[in-house]
Amino acid sequence: MGGHSINDAYEKLEKIGQGTYGKVYKARDRATGRLVALKKTRLEMEEEGVPSTALREVSLLQMLSESPYIVRLLRVEHVEEDGKAMLYLVFEFLDQDLKQFMDLTGRGPSNPLPTTTVQNYMYQLCLGCAHLHKHGVMHRDLKPQNMLVDKAKNLLKIADLGLGRAFSVPVKSYTHEIVTLWYRAPEVLLGGSHYSTPVDMWSVGCMFAEMARKQPLFPGDSELQQLLHIFKLLGTPSEQVWPGVSNLRDWHEFPQWKPQDLAKLIPQLDAHGIDLLQKLLVFDPAKRIHATDALEHPYFDSLDKTQFEKIEREFEIEFLREKENRMAQ
């Protein structure tokens, strides 16, 4: 697209948020009429031009877009505004996130989601994580607000794989609002510096419970409170269940709580559901279930998986068609 203004190609409709890494607009592609989400990121220029980290991340995002369970990066526009280099990432637009989807049917346990919806979305969430983790990428900030729902196709997609994920867990967002801690893994809360893809599976467990019971499992409002919520429910971890836990930076002698019965707390889940949840909410990240193993869990045995083959076929056709269109432009 080069030097001319982004407004020639896209009509900005409204600002839909401040992502962790810059402004986000809902916009219309003037050529196709398609709605898109425009993420504007400022490029910190290096001596030799565009920073290599940004380009690496963009090519990673493009590769990750090759799954129907990840929000698609449609194109990347590199423009100059007021003499500054800007990168616009153009994503497909979805107008609802999982939190809004859950709130639509009313809040709290008296307004449950259908158990089949919970099972279906949970499977898609694990498919999305398996895809990320296969490419060695962890999301680090999975939460219902970062899961977008395509109601027409009954699809759940992981969003906000923002630029800069290669560095650290966001504590404050771009606009300095506090980032929610409710879905954050205990190894991160305890100040561990070597964490990996299991942090996402903890978040998946928290979202699983929240979809089932229609209220968050661990709604802490500080890191300490967050840990106490977790320990009160799952029991205070020890060196026996989590070797090395007492060497983590923020470990203290916490009150000793006993684990509670999750089946009583979340009666909406059957025995298989509770078993899967327990495998996701394992303290020791090394023993936490992987996305690929979660997909094989008996909780999903009753799910009709042929629908996902169909979704993936349709996605591939659309993906190739778009690729051809881009080549033609």
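Rules behind the numbers
Residues numbered from 1 in each chain as written. Predicted model: local features only at pLDDT ≥ 70, side-chain atom pairs only at ≥ 80, totals over all residues. Heavy atoms only, no water. Helix = DSSP H or I, 4+ residues; strand = E, 2+ residues; numbered from the N terminus. Buried < 20%, exposed > 50% of the residue type's maximum accessible area, 1.4 Å probe, protein only. Contact = heavy atoms within 4.5 Å. Areas by Shrake-Rupley, 256 points an atom, 1.4 Å probe, with all protein chains shown as cover. UniProt positions renumbered as here; feature names shortened; annotations may be inferred. Expected span 1.5 Å × (residues − 1). Salt bridge = Lys/Arg side-chain N within 4 Å of Asp/Glu carboxyl O. pLDDT = per-residue confidence, 0-100. Core = buried A, V, L, I, M, F, W, Y, C linked by side-chain atoms within 4.5 Å. Domains from an automatic or database assignment.

## Observations concerning the overall build of the protein
Phase 1: Along the backbone of the protein there are 11 helices and 7 strands.
Phase 2: Looking at the protein residue by residue over its 329 residues, the buried ones come to 51%.
Phase 3: Restricting to contacts in the protein with at least 6 residues of sequence separation, those with at least 24 account for 65%.
Phase 4: As presented, the protein carries roughly 16,100 Å² of accessible surface, and 52% of it is formed by carbon and sulfur atoms.

## Here we look at unusual backbone geometry
Phase 1: Even without glycine at this site, Arg 140 takes up a positive phi of about 80°.
Phase 2: Along the polypeptide, Arg 140 turns up in the loop between helix 4 (115-134) and strand 6 (147-150).
Phase 3: Positive phi, normally seen in glycine, also occurs at Asn 154, with a value near 55°.
Phase 4: Along the chain, the position of Asn 154 falls in the loop between strand 6 and strand 7 (155-158).

## Side note on the environment of Leu 73
Phase 1: Within the secondary structure layout, Leu 73 lies in strand 4 (residues 73-81).
Phase 2: If we ignore the near neighbours within four places in the chain, the residues touching Leu 73 are Val 58, Leu 61, Gln 62, Ser 65, Leu 89, Val 90 and Phe 91.

## Some remarks on the UniProt feature "binding site: ATP" (unreviewed entry) in the protein
Phase 1: Per the UniProt entry, the sites bearing "binding site: ATP" (unreviewed entry) are Lys 39 in this numbering.
Phase 2: One can find Lys 39 in strand 3 (residues 35-42).
Phase 3: For Lys 39, a relative accessible area of 17% gives the class buried.
Phase 4: Not counting residues within four places of it along the chain, the set of residues in contact with Lys 39 comprises Lys 23, Val 24, Leu 87, Tyr 88, Leu 89, Phe 91 and Asp 160.

## Quick word on helix 6 (residues 198-213)
Phase 1: The end-to-end C-alpha separation of helix 6 is 23 Å, in line with the 22 Å expected for 16 residues at 1.5 Å each.
Phase 2: Of all 16 residues in helix 6, 16 are buried; the element is thus mostly enclosed.
Phase 3: Backbone geometry just after helix 6 places Lys 214 at a positive phi near 60°.

## What about the pattern of salt bridges?
Phase 1: Counting across every chain of the model gives 18 salt bridges.
Phase 2: With a closest N to O distance of 3.4 Å, Lys 143 and Asp 141 form a salt bridge. As far as burial versus exposure is concerned, Lys 143 and Asp 141 are alike and both buried.
Phase 3: Asp 284 serves as the salt-bridge partner of Lys 287, at 2.9 Å between the closest nitrogen and oxygen.
Phase 4: Connected via shared salt-bridge partners are Arg 34, Arg 72 and Glu 322.

## Digging into helix 11 (residues 306-328)
Phase 1: For helix 11, spanning 23 residues, the distance from its first C-alpha to its last is 34 Å, which sits close to the expected 33 Å at 1.5 Å a residue.
Phase 2: Phe 308, Ile 311, Phe 315, Phe 319 and Glu 322 are the residues of helix 11 that are buried.
Phase 3: At its buried positions, helix 11 is contacted by strand 4, helix 4 and strand 7.

## Quick notes on the confidence of the model for the protein
Phase 1: In the predicted model, the protein carries a mean pLDDT of 88, and 88% of its residues have values of at least 70.
Phase 2: Note that residues 164-176 has pLDDT below 50 and, in this model, 39 contacts with residues that lie over four places away or in other chains.

## Overview of the side chain of Gln 96
Phase 1: Within the secondary structure layout, Gln 96 lies in the loop between strand 5 (84-92) and helix 3 (98-104).
Phase 2: Beyond its immediate chain neighbours, meaning those up to four positions away, Gln 96 contacts Phe 101, Leu 104, Met 147, Leu 148, Val 149 and Lys 151.

## A short note on the nonpolar core
Phase 1: Of all hydrophobic cores here, the largest spans 84 residues; its most connected members are Met 122, Phe 208, Phe 218, Leu 234 and Leu 276.
Phase 2: Looking at this core, you find at least three residues from each of domain 1 (6-93) and domain 2 (96-307).
Phase 3: Beyond its immediate chain neighbours, meaning those up to four positions away, Leu 276 contacts Met 122, Phe 208, Ile 289, Ala 294, His 297, Tyr 299 and Phe 300.
Phase 4: Of all hydrophobic cores here, the second largest spans 11 residues; its members include Tyr 10, Leu 74, Met 86 and Val 90.

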